[in-house]
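A structural walkthrough
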Amino acid sequence: MPTRILLEGRPGVGKTTAIRRLAALLHGRDIVGFTTEEIRQGGARVGFALETAAGHRAVLAHVDFPGPPKVGRYGVDLGVMDRLALPALTAASADPVPGQLVLIDELGRMELASASFRQAVRSVFEADVDVVATVHAHSDPFTDALKRRADTELVAVTGANRHSLPDELAARL
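Figured I'd write up the structure that's included with this text. All values derive from a computational prediction rather than experimental measurement.

**Thoughts on the overall build of the chain**
The number of helices and strands found in the chain is six helices and nine strands. The C-alpha atoms of the chain give a radius of gyration of 15 Å, which matches the 16 Å a tight globule of 173 residues would have. With the C-alpha coordinates aligned to their principal axes, the bounding extent of the chain is approximately 45 × 35 × 30 Å. Residue burial in the chain is summarised as follows: out of 173 residues, 51% are buried. Here the analysis covers contacts within the chain between residues at least 6 apart in sequence; of these, 66% occur between residues at least 24 apart. The averaged location of the 21 negative side-chain charges in the chain is 6 Å from the averaged location of its 20 positive side-chain charges.

Here it is in structure tokens:
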């Protein structure tokens with residue numbers, strides 16, 4: 001049975017750092033998916049970039065993007081999800097490779113604005129593949145449904161465990 005883990009935590013607690021460290025610890029595995037990171041200018045956050053496990057990178061959201069959609073002050077380029085995130089997720093769910101690990105950072109409002117992304121995530125969670133994804137602690141109908149799945153473990157990321165968590169997960173995976 002595949003492992004499915006949701007790393008839940010408040011913004012800034014270290015979810016992205018934990019999932020990136022996990023990927024580094026599991027460098028011998030076939031990893032697909034993506035991580036996100038803040039874009040800063042002069043100390044201020046102005047957007048978010050998406051980077052795939054294969055090293056492709058693009059700006060997902062930015063204060064200078066007009067939207068729609070808009071999430072807070074950021075316009076979101078849903079084409080980035082379609083071009084960069086979806087191909088690997090779709091392939092992982094359609095033709096699972098033994099030992100493959102899908103990493104998704106994150107299941108947040110910007111990413112979930114894409115209906116095709118939501119469908120790809122549903123498919124990945126139904127496939128015979130290991131999945132580790134990060135998710136905000138706030139309530140959302142889509143992520144709440146994933147959190148309630150009997151085959152999915154919800155792990156809280158906190159200031160106390162964010163440094164040891166990647167090692168613990170790597171040992172399990």
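**Structural notes on helix H4 (residues 115-126)**
The end-to-end C-alpha distance of H4, which contains 12 residues, comes to 17 Å, matching closely the 16 Å that a straight helix rising 1.5 Å per residue would cover. For H4, every residue scored as buried is listed here: Phe117, Ala120, Val121, Val124 and Phe125. Buried positions in H4, seen along its axis, are confined to an arc of 135° and lie on one side of it.

**Some remarks on the environment of Thr90**
Relative to the elements of secondary structure, Thr90 occurs in helix H2 (residues 78-94). In this structure Thr90 comes out as partly exposed when scored by relative accessible area, which is 43%. Note: C-alpha distance between Thr90 and Val124 (34 residues apart in sequence) is 7.5 Å.

**Brief notes about the environment of Ser164**
Locating Ser164 in the fold gives a position in the loop between strand E9 (153-156) and helix H6 (165-172). Measuring from C-alpha to C-alpha, the distance between Ser164 and Ala18 comes to 8.7 Å, with 146 residues separating the pair along the chain.

**Some thoughts on the sheet that holds strand E8 (residues 130-136)**
One open sheet holds the nine strands; their spatial order is E5-E6-E4-E3-E2-E7-E8-E1-E9, and the pairing between them is mixed. Of all the strands in the sheet, the pair left with one neighbour each is strand E5 (70-71) and E9. Bridge analysis of strand E2 (residues 31-41) against strand E7 (residues 101-107) gives four bridges, and the strand direction is parallel. Its bridge partner being in E7, Val32 is matched across the sheet by Val102. Strands in contact with helix H1 (residues 15-25) are strand E1 (4-9), E2, E7 and E8; relative to E8, the strand with the most contacts, it is inclined by about 165°. On top of the sheet, H6 reaches E1 and E9; it is set at about 170° to E1, its chief contact.

**What about the pairing of strand E3 (residues 44-52)?**
Relative to E3, E2 runs antiparallel, the two being bridged by eight bridges. Residue pairing across strands places Thr35 opposite Glu51, the latter belonging to E3. Hairpin connection between E2 and E3: a loop of two residues separates the two successive antiparallel strands, and Gly42 in this loop has a positive phi of roughly 55°. Summarising the sheet, E3 and strand E4 (residues 57-62) pair through five bridges and their orientation is antiparallel. Bridging across to E4, Gly47 finds its partner in His62.

**Here we look at H2**
Within an α-helix, residues lying three or four positions from one another point in the same direction, as the helix has 3.6 residues per turn. Along H2, the sharpest change in direction is near 50° and occurs at Leu86; proline Pro87 comes one to four residues later. For H2, the secondary structure elements touched by its buried residues are E2, E3, E4, E7, helix H3 (109-112) and H4.

**Focus on the packing of aromatic side chains**
Two aromatic rings are characterised by how far apart their centres lie and by the angle between their planes. By the definition in use, this model includes two aromatic pairs. For the pair Phe48 and Tyr74, a centre-to-centre distance of 5.3 Å together with 75° between the ring planes defines the contact as edge-to-face. Separated by 26 residues along the polypeptide, Phe48 in strand E3 and Tyr74 in strand E6 (residues 74-76) bring together distant segments of the chain.

**Considerations on the nonpolar core**
By size, the foremost hydrophobic cluster in this structure holds 35 residues, and its most contacted members are Val102, Ile104, Leu107 and Phe117. Per-element accounting of this core gives the leading share, seven residues, to H2. Once you skip the residues sitting within four places of it in the chain, Leu107 turns out to touch Leu6, Leu112, Phe117, Val121, Ala133, Thr134, Val135, His136, Thr143 and Leu146. Counting 16 residues, the second largest nonpolar core, distinct from the first, contains Ile19, Leu101, Leu169 and Leu173.

Procedures and definitions
- Residues numbered from 1 in each chain as written.
- Predicted model: local features only at pLDDT ≥ 70, side-chain atom pairs only at ≥ 80, totals over all residues.
- Heavy atoms only, no water.
- Helix = DSSP H or I, 4+ residues; strand = E, 2+ residues; numbered from the N terminus.
- Rg over C-alpha atoms; globule rule 2.2 N^0.38 Å.
- Buried < 20%, exposed > 50% of the residue type's maximum accessible area, 1.4 Å probe, protein only.
- Contact = heavy atoms within 4.5 Å.
- Lys, Arg positive; Asp, Glu negative; His and termini not counted.
- Charge placed at Lys NZ, Arg CZ, Asp CG, Glu CD.
- Expected span 1.5 Å × (residues − 1).
- Arc of directions from axis to C-beta.
- Pairing = 2+ DSSP bridges.
- Axes fitted to C-alpha atoms, helices over the stretch in contact; angles between N-to-C directions.
- Bend = angle between axes of the 7 residues up to and from the residue.
- Phe/Tyr/Trp six-rings, centres within 6.5 Å; stacked < 30°, edge-to-face > 60°.
- Core = buried A, V, L, I, M, F, W, Y, C linked by side-chain atoms within 4.5 Å.

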